[in-house]
Each structure stands twice: as C-alpha cells, then as structure tokens.
Amino acid sequence: GQGKSLALNQVGSVANMLGIHVAYATLELGLELVAARHIASLAGVSTSHIQASTLWAREAWRTLRETTALGAFYMRKFDPDSTTVETVLDWRNQIERVQGVPIGLLVVDYADRLGSGAGRAEGKADKYTLGQGVFERLRTDAEKRGTRAATASQLRRRSAVTKSRL
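Residues numbered from 1 in each chain as written. Predicted model: local features only at pLDDT ≥ 70, side-chain atom pairs only at ≥ 80, totals over all residues. Heavy atoms only, no water.

**A look at empty space enclosed by the protein**
And then number 1: Applying the stated criterion to the full structure yields 1 cavity of 30 Å³ or more.
And then number 2: The volume enclosed by the largest cavity comes to roughly 40 Å³.
And then number 3: Lining the largest cavity are Arg92, Ile103, Leu105, Leu106, Asp141, Ala142, Arg145, Thr147, Arg148 and Ala149.
And then number 4: Looking at which element gives the most residues to the lining of the largest cavity, the answer is helix α6 (residues 127-145), with 3 residues. (1 Å grid on protein atoms, 1.4 Å probe; cavity = no way out; pocket = protein on both sides within 12 Å on 5 of 7 lines; lining within 4 Å. Points joined across faces, edges and corners; volume = space filled by probe spheres on them. Helix = DSSP H or I, 4+ residues; strand = E, 2+ residues; numbered from the N terminus.)

Spelled out as structure tokens, the structure:
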C-alpha cells in the first residue's frame, strides 16, 4: 500500500482530538492495528511503540481520555464478502441510538470492497463503477446528515491500469 489506511486513521484521530465522535469501519485491517495507530497518533508516538507495550498503551489511552475532550472512537471490522454500504450505515445508526452520541465522521477503510446491495447485478459491472456507487452513497448520506465521511480506495480506472501495463 501507499499509506491510505494510515492516512484515514490520522483523519479519524484528528477529528477525535477535535471532540468529534468517529465510527471507523475496516474491511481489511485488524482492530488491534487500527486501535494501535489511533492511540499512537493521539499520543504522538510510533505504532510499534504502542504494539510493543500494551500496558503503556492502556495508560496512554486513560490519560488522554482524562486530560482531553476527545470524541468517542468506535471501531468494527466487517467481512467484505457480506457487507454492504447499508450494513455500515446501519452500524453507525445503531451506535448513535445505543450510545446516544452523534457520529460526526464515518471512516470506511477499503470502502471499494463493500457491496452495493445490488446482488447479482454487481457481477456485470466493473469494480471501478461499483466503487463509484459506494462512494457516492457514503457522500450523499454524509451530506444529508450534515456530517463527514472519509474513505480511500485501491481502485484505479481501467485506462490507468492499461497504461501502466504498456
């Protein structure tokens, strides 16, 4: 990769430092790595430092929560083979209902791996076109709610792939 997941984690961490509640959905990375990157970003240390010392990470997290007005940071790993955009949006809505907090930023890491919910019709469309539908659904949801969404993709336009093979 080229750091797209790390950049998304940074976006979530900055929003969190601003007191914004974040829902972070990942379709590829493990939750331990997402959490380590998040804490490392907030604490200003390397991810490897967090991973090497669970006790230090817990203490850093406790201190950060006590001394700053962080927003909540909810994480969930989703199965890319069975997850649609609506599944992720339903999860976000459930957090808001159960926790009673508004999610101001929805981060979807590897959103291009989400299904649109169109079923068999997806097999007939290329991944780039499907990705456009997923990204547009996330964008319009955030716009309608007056919130933000962030995602990154591994997808490239077919012409870019063809050119790179020449």
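**Some words on the confidence of the model for the protein chain**
Detailed conclusions should not be drawn from predicted coordinates in areas where pLDDT is low.
And then number 1: Scored by pLDDT, the protein chain comes out at a mean of 82, with 83% of its residues at no less than 70.
And then number 2: Ranking the elements of the protein chain by mean pLDDT puts helix α7 (residues 158-165) last with 44 and helix α5 (residues 85-99) first with 97.
And then number 3: A low-confidence stretch, residues 118-122 (pLDDT under 50), is modelled with 4 contacts involving residues beyond four sequence positions or located in other chains. (pLDDT = per-residue confidence, 0-100. Contact = heavy atoms within 4.5 Å.)

**Considering unusual backbone geometry**
And then number 1: We note that Tyr110 has phi near 70°; this positive angle belongs to a residue other than glycine.
And then number 2: Topologically, Tyr110 is positioned in the loop between β3 (105-109) and α6.

**A word on the sheet that holds β3**
And then number 1: Taken in spatial order, the 4 strands of this open sheet run β2-β1-β3-β4, and their pairing is parallel. This sheet does not close on itself; its edge strands, each paired only once, are β2 (73-77) and β4 (148-152). Adjacent strand axes in the sheet meet at a mean angle of 15°, parallel and antiparallel pairs treated alike.
And then number 2: Of the pairings in the sheet, the one linking β3 to β4 comprises 5 bridges and is parallel in character. Residue pairing across strands places Leu105 opposite Arg148, the latter belonging to β4.
And then number 3: Contacts from helix α1 (residues 4-17) reach β1 (22-26), β2, β3 and β4, with the element oriented near 165° to β3. (Pairing = 2+ DSSP bridges. Axes fitted to C-alpha atoms, helices over the stretch in contact; angles between N-to-C directions.)

**Focus on the packing of helix α2 (residues 31-43) against helix α4 (residues 54-67)**
And then number 1: Running from N to C, α2 and α4 point in directions that differ by 55°, and their axes come no closer than 10 Å. As judged from the angle between their axes, α2 and α4 are oblique. Note on packing geometry: the crossing formed by α2 with α4 is left-handed. Judged by residue contacts, His38, Ile39, Leu42 and Ala43 of α2 engage Trp56, Ala57, Ala60, Trp61 and Leu64 from α4.
And then number 2: The class makeup of the residues in the contact of α2 with α4 is 8 nonpolar, 1 polar and no charged. (Parallel < 35°, antiparallel > 145°, perpendicular 65-115°, else oblique. Left-handed = near helix turned anticlockwise from the far one by under 90°. Nonpolar A, V, L, I, M, F, W, Y, C, P; charged D, E, K, R; others polar.)

**Concerning the packing of α1 against α2**
And then number 1: Two elements in contact, α1 and α2, have axes separated by 9 Å at closest approach and are oriented at 55°. Judged on the interaxial angle alone, α2 and α1 are oblique. Note on packing geometry: the crossing formed by α1 with α2 is right-handed. Within the contact between the two elements, α1 uses Ser5, Leu6, Asn9, Gln10, Ser13, Asn16 and Met17 and α2 uses Val34, Arg37, His38, Ser41 and Leu42.
And then number 2: The class makeup of the residues in the contact of α1 with α2 is 4 nonpolar, 7 polar and 1 charged.

**Some thoughts on α5**
And then number 1: The end-to-end C-alpha distance of α5 is 21 Å, a good match for the 21 Å that 15 residues give at a rise of 1.5 Å each.
And then number 2: For α5, the full list of buried residues reads Val85, Val88, Leu89, Trp91, Arg92, Ile95 and Glu96. Here the buried residues of α5 occupy an arc of 155° about the axis, which is enough to place them on one side. In α5, the exposed positions that point more than 90 degrees away from the buried face belong to Arg97 and Val98.
And then number 3: Gly100, located one to two residues past α5, shows a positive phi value of around 70°. (Expected span 1.5 Å × (residues − 1). Buried < 20%, exposed > 50% of the residue type's maximum accessible area, 1.4 Å probe, protein only. Arc of directions from axis to C-beta.)

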